[in-house]
Each structure stands twice: as structure tokens, then as C-alpha cells.
Amino acid sequence: MDLGIKGKRAIVCASSKGLGRACAMKLAEAGVNLTLNARTQETLEQTAEEIRRATGVEVKAVAADVTTEEGRAAILAAEPAPDILVNNAGGPPPGVWSDWGEAEWGSAIKGNMLTPILLATAVMPGMIERGWGRVVSITSGSVKSPIPQLGLSNGARAGLTGFVAGTARQVAKHGVIMNNLLPGSHETDRIDALMNAIAAKEGITAAEAKKRSHAANPTGRFGFPEEFGAACAFLCSQHVGFMVGQNILLDGGAFNSTMG
Ligand code: NAP
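As the structure is a computational prediction, the values presented were derived from the model and not from experiment.

J.: Is there a simple way to think about the packing of aromatic side chains in this case?
T.: In this description, a pair of aromatic rings is defined by centroid distance and the angle of the planes. A complete count under the given rule lists one aromatic pair for this structure. Seen from their ring centres, Trp 100 and Trp 105 are 6.2 Å apart, and the 85° between their planes marks the pair as edge-to-face. Under the relative-accessibility criterion, Trp 105 is labelled partly exposed at 28%. Between Lys 8 and the ring centre of Trp 132, over which it is positioned, the NZ or CZ distance is 4.1 Å.

Put into C-alpha cells, the structure is as follows:
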């Protein structure tokens, strides 16, 4: 399917690895020019070069912490007028509710709620003026079904979800479409770190923790980043003009529900 976005310009945050990288690759395959971002310059440059070579699109790389004001300013200086924004950042650390005080909550809210809100707020006036825009925020399945050890994620991302729900319905008439993508477990470094944490807590190996988690999923596996990236590219496409403020769960059916 032609996604109809060849030649558009996208900012994909936190995109040197994992889900962000997969979204960037699928957008590039659709002919979208990219501004990528991550903190570690070397990995970021490597990813940028791989995407350039594979697709021939223009790729800028901004090594910066997207959760800081300076980081966001650097990204926006590299791409001041994006047609597409994919919001992403690292996830908060696991723990239990009694571990977390003001500092921990402050940093989770900054990274997983305020950062995507502020970036969307910065780019949407231009999108509205041009009459076209797509904002996809990578959140988490934890927004629909809380993950006990990821309380910081459950809370902070729910705040972002509320912002998107209200704002998506205000900007849609200007051709600016906001939706969220909710990953369940996918094969990335992040899931490896979480498997290690579960293994340490339960006194099993990380391989055993992964095997159990695979078995608990209706598909018998974790998601592949490429599948996630393809869904993201679709949400950034011409075809989603009537799909507004949705929370799309990609979890292999792990959330057990007849509807919703
Ligand atoms: P990942 O494989 O660990 O990749 C994270 C990417 O983000 C890397 O490119 C990393 O590069 C970059 N990054 C992290 N913090 C950043 C920051 N402050 N500023 C700029 N770049 C940053 O993670 P992932 O699995 O793709 O996860 C992406 C998001 O989805 C996370 O928020 C995660 O919690 C959420 N999620 C993932 C899963 C899953 O199963 N994978 C499930 C639910 C939710 P640098 O370290 O060099 O900055």
C-alpha cells in the first residue's frame, strides 16, 4: 500500500534502537525524510547511516537527551517544520510504589508525559498552518492494563494519554491527526532489561523469565520491532485522516478483553 507520505519530513525521537528505530526505518521506506534522535552519538550515527543506505532518504541525526529543554531545542533546530512527529523516550525504571518519591515521579513525568506534550505543542502550530500533520506517541500497554512493577510508567503515560485524548479532537479539523501506539512486550533492549529485573526478583534466569513471558502471550512470542514500525508508519500515513485520538494496542492479544 502506498502510504502517501513520500517527501514528508518527520522527527522520530529516541530512535537509534528498538521501537523508535523501527518506526524510523518504516517511515524511510515510505519515502519520508527523517530527523533521528538519541543520546549516544555513535549508535545514532550508525542507525542514520543504515537507514540512508537502505532507503536513500535524507536523514539528520541529533544526539541529545529529548527529555531536556536543550535536547528538544536541538531537535527542533534541525527540523523546525516537521509534517510528522513520533514521540518516544526511554521508559522509567521498574520498582514498587513505595520506592518512588517526588524525584522519581518528577523524572518519569518529565520523560514520559511532559516531553511528548511539549514537542507536540511546539510542532502543531506549523502543522495547523500547513493543514496537515501526524503526531504518534509511543506509550505502553501499561496505559490500558497496569504493570505492577512499572507504576511510574502506568501513571506518567496515563497523563499523556489524557492530553492526547482532549487535544486530538481540537486539532483534527486542521488536518492534524494525533494517535497513540501502545506496545506490549517487544524484542528490544528494554524488554531484556525488564526480563533481567524479573529474573533477579524471582531467582530464575533471564532466559527462563523470557520463556514464561512468551508462553503467557496468545502468540507464544514477543512482538517484532518491524511489526510495530509498520503500524507506526500507517498511523503517520494519508489514510488515517478519520482515525483520531485512538490508543492502538500492539500486544499479541495479551490484554484479555472482548472489546476496548
Ligand atoms: P530501547 O530498545 O531501550 O531503545 C530506546 C531508544 O531510546 C534508544 O535509541 C535510546 O538511545 C533512546 N533513548 C532513551 N532515552 C532517551 C532520551 N532521554 N533521549 C533521547 N533518546 C533516548 O527501548 P524500546 O524497547 O524501543 O522502548 C521504547 C519505549 O517504548 C520506551 O519508553 C519503553 O518503555 C516503551 N515500551 C517498550 C516495550 C517493549 O516491550 N520494548 C513495552 C512497553 C513500552 P540512547 O540510550 O543512546 O539515548
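Further notes follow.
J.: Can you help me understand the site of the ligand in this one?
T.: Among the 29 residues in the neighbourhood of the ligand, the closest are listed as Ser 16, Thr 40, Ala 89, His 186 and Thr 188. Within the backbone of Leu 19, a nitrogen or oxygen atom sits 2.7 Å from an oxygen atom of the ligand. Mapped by element, the contributors of at least two residues to the shell around the ligand are helix H1 (18-29), strand S2 (33-38) and helix H6 (189-202). Of the residues forming the shell around the ligand, the biggest block, three residues, is contributed by H6. Of the residues contributing to the shell around the ligand, the split by class is nine nonpolar, 14 polar and six charged.

J.: What should I look at first to understand helix H8 (residues 225-235) in this one?
T.: For the α-helix, the turn length of 3.6 residues means that residues three or four positions removed from each other point alike. Listed as buried for H8 are Pro 225, Phe 228, Gly 229, Cys 232, Ala 233 and Leu 235. Each buried residue of H8 sits inside an arc of 155° when the element is viewed along its axis, so together they form one side. Each element contacted by the buried residues of H8 is listed here: H1, strand S4 (84-87), strand S5 (133-138), strand S6 (176-183) and strand S7 (247-250).

J.: Sorry, what's going on with the nonpolar core here?
T.: As a rule of thumb, nonpolar side chains are buried together in soluble globular proteins. Counting residues in hydrophobic clusters, the biggest one holds 56 residues, and the most contacted among them are Leu 27 and Leu 34. With residues near it in sequence (within four places) discarded, Leu 34 still touches Ala 10, Val 12, Ala 24, Leu 27, Ala 28, Ile 51, Glu 58, Val 59 and Lys 60. The next biggest cluster of nonpolar side chains, apart from the first, holds seven residues, and it includes Leu 194, Met 195, Ala 199 and Phe 222.

J.: Even after reading the chapter, I still don't get the packing of H6 against helix H7 (residues 206-216), so can you show me in this structure?
T.: In helix packing, the relevant descriptors are the interaxial angle and the interaxial distance, both defined with respect to the helix axes. Two elements in contact, H6 and H7, have axes whose closest approach is 8 Å; the angle formed by their N-to-C orientations is 105°. By the angle between their directions, the pair H6 and H7 is classed as roughly perpendicular. Seen from H6, the contacting residues are Asp 192, Met 195, Asn 196, Ile 198, Ala 199 and Glu 202; seen from H7, they are Ala 206, Ala 209, Lys 210, Arg 212 and Ser 213.

J.: I'm lost on empty space enclosed by the protein in this one. Help?
T.: Picture a little ball the size of a water molecule; that probe, rolled over the atoms, points out where space is still empty. Taken as a whole and assessed by the stated rule, the structure comprises one cavity of 30 Å³ or more. What the largest cavity holds in volume is close to 70 Å³. Asn 87, Asn 88, Ala 89, Gly 111, Asn 112, Thr 115, Pro 116, Ile 138, Arg 157 and Leu 160 together form the lining of the largest cavity. Broken down by secondary-structure element, the contributors of at least two residues to the lining of the largest cavity are helix H4 (102-130) and helix H5 (151-171). Ranked by the residues each element gives to the lining of the largest cavity, the list is headed by H4, at four residues. In terms of residue class, the lining of the largest cavity is built from four nonpolar, five polar and one charged.

J.: Which parts of the structure should I look at to understand unusual backbone geometry?
T.: Most peptide bonds are trans, and most residues other than glycine sit at a negative phi. The phi dihedral of Ala 14 falls on the positive side, at around 50°, and the residue is not glycine. Turning to its location among the elements, Ala 14 is positioned in the loop between strand S1 (9-12) and H1.

J.: Even after reading the chapter, I still don't get a nonpolar patch on the surface, so can you show me in this structure?
T.: Judged by side-chain polarity, Ile 109, Leu 114 and Leu 118 come together as a nonpolar surface patch covering roughly 220 Å² of accessible area. Structurally, the position occupied by Ile 109 is in helix H4. A relative accessible area of 31% means that Ile 109 is categorised as partly exposed.

J.: Got a minute to help me understand the sheet that holds S1 in this structure?
T.: The strands that make up a sheet pair up through hydrogen bonds in the backbone, lying either parallel or antiparallel. What the seven strands build is an open sheet, ordered S3-S2-S1-S4-S5-S6-S7; its pairing is parallel. Two strands close off the open sheet at either side, each with one partner strand: strand S3 (59-63) and S7. Ignoring strand direction, the axes of neighbouring strands in this sheet form an average angle of 15°. Inspection of the sheet shows S4 paired to S5 by four bridges, in the parallel sense. Counterpart to Asn 87 in the pairing with S5 is Ser 137. In the packing of H1 onto the sheet, the strands contacted are S1, S2, S4, S5 and S6, and the crossing angle to S1 comes to about 170°. The strands touched by helix H3 (residues 69-78) within the sheet are S1, S2 and S3, with S3 carrying the most contacts at an inclination of about 165°.

J.: What am I meant to see in the packing of H1 against helix H2 (residues 41-55) here?
T.: It is the contact of H1 with H2, at a shortest axis distance of 10 Å, that shows an interaxial angle of 25°. As the angle between them shows, H1 and H2 are arranged roughly parallel. By crossing handedness, the relation of H1 to H2 is classed as right-handed. For the pair formed by H1 and H2, the contact residues are Arg 21, Ala 24, Met 25, Ala 28 and Glu 29 on the first element and Thr 47, Glu 50, Ile 51, Ala 54 and Thr 55 on the second.

Reading the values: rules and limits
Sequence order sets the numbering: in each chain, residues are counted from 1 along the sequence as written. Residues qualify for local features only when their pLDDT is at least 70, as the model is predicted, and side-chain atom pairs are given and counted only at 80 or more; totals for whole chains, interfaces and linings, by contrast, use all residues. Heavy atoms throughout the structure, all of them, feed into the side-chain values; hydrogens and water do not. The criterion for an aromatic pair is that two Phe, Tyr or Trp rings (for Trp, the six-membered ring) have centres within 6.5 Å, with stacked assigned to planes under 30 degrees apart, edge-to-face to planes over 60 apart and tilted to the rest. Note on exposure labels: buried denotes an accessible area under 20% of the residue type's maximum, exposed denotes more than 50%, and partly exposed covers the range between, all computed with a 1.4 Å probe on protein chains only. Remark: a charge is flagged as sitting over a ring if the NZ atom of Lys or the CZ atom of Arg is within 6 Å of the ring centre and within 35 degrees of the ring normal. It suffices for a single heavy atom of a residue to lie within 4 Å of a molecule or strand for the residue to be listed as near it. What qualifies as a polar contact is a pair of N or O atoms within 3.5 Å, subject to a donor-acceptor requirement within protein and to the restriction that residues adjacent in sequence count only when both atoms come from side chains. By definition, any uninterrupted DSSP run of H or I lasting at least four residues is a helix, any uninterrupted run of E lasting at least two residues is a strand, and each is numbered from the N terminus. For this scheme, ten residues count as nonpolar: Ala, Val, Leu, Ile, Met, Phe, Trp, Tyr, Cys and Pro. Four count as charged, namely Asp, Glu, Lys and Arg, and the remainder, Gly too, count as polar. Here the arc refers to the directions that run from the helix axis out to each C-beta atom. In what follows, residue pairs with any heavy atoms lying within 4.5 Å of each other are defined as contacts. Buried residues of nine kinds, namely Ala, Val, Leu, Ile, Met, Phe, Trp, Tyr and Cys, make up a nonpolar core once their side-chain atoms join them within 4.5 Å. Here an axis means a line fitted to C-alpha atoms, over the contact stretch when the element is a helix, while the angle between two N-to-C directions is reported on a 0 to 180 degree scale. In this scheme, roughly parallel covers angles under 35 degrees and roughly antiparallel covers those over 145, while 65 to 115 is roughly perpendicular and the rest are oblique. In this analysis, the protein atoms alone were mapped onto a 1 Å grid. Cavities are point sets where a 1.4 Å probe fits without being able to get out; pockets are open sets with protein on both sides within 12 Å along at least five of seven lines; lining residues have an atom within 4 Å of a point. Grid points are joined across faces, edges and corners, and a volume is the space filled by probe spheres set on the points. Exposure above 30% relative accessible area and no salt bridge define the residues that can form patches, which grow by joining like charges within 9 Å and nonpolar side chains of Val, Leu, Ile, Met, Phe, Trp and Tyr within 5 Å. The Shrake-Rupley method, run with a 1.4 Å probe, gives the accessible areas here. Residue values count only the displayed protein chains as cover. Definition used for salt bridges: Asp or Glu carboxyl oxygen within 4 Å of a side-chain nitrogen of Lys or Arg. Pairing between two strands is assigned when DSSP locates at least 2 bridges connecting them. Crossing handedness is defined as follows: a turn of the near helix away from the far one that is anticlockwise and smaller than a right angle gives a left-handed crossing, while the clockwise case is right-handed.

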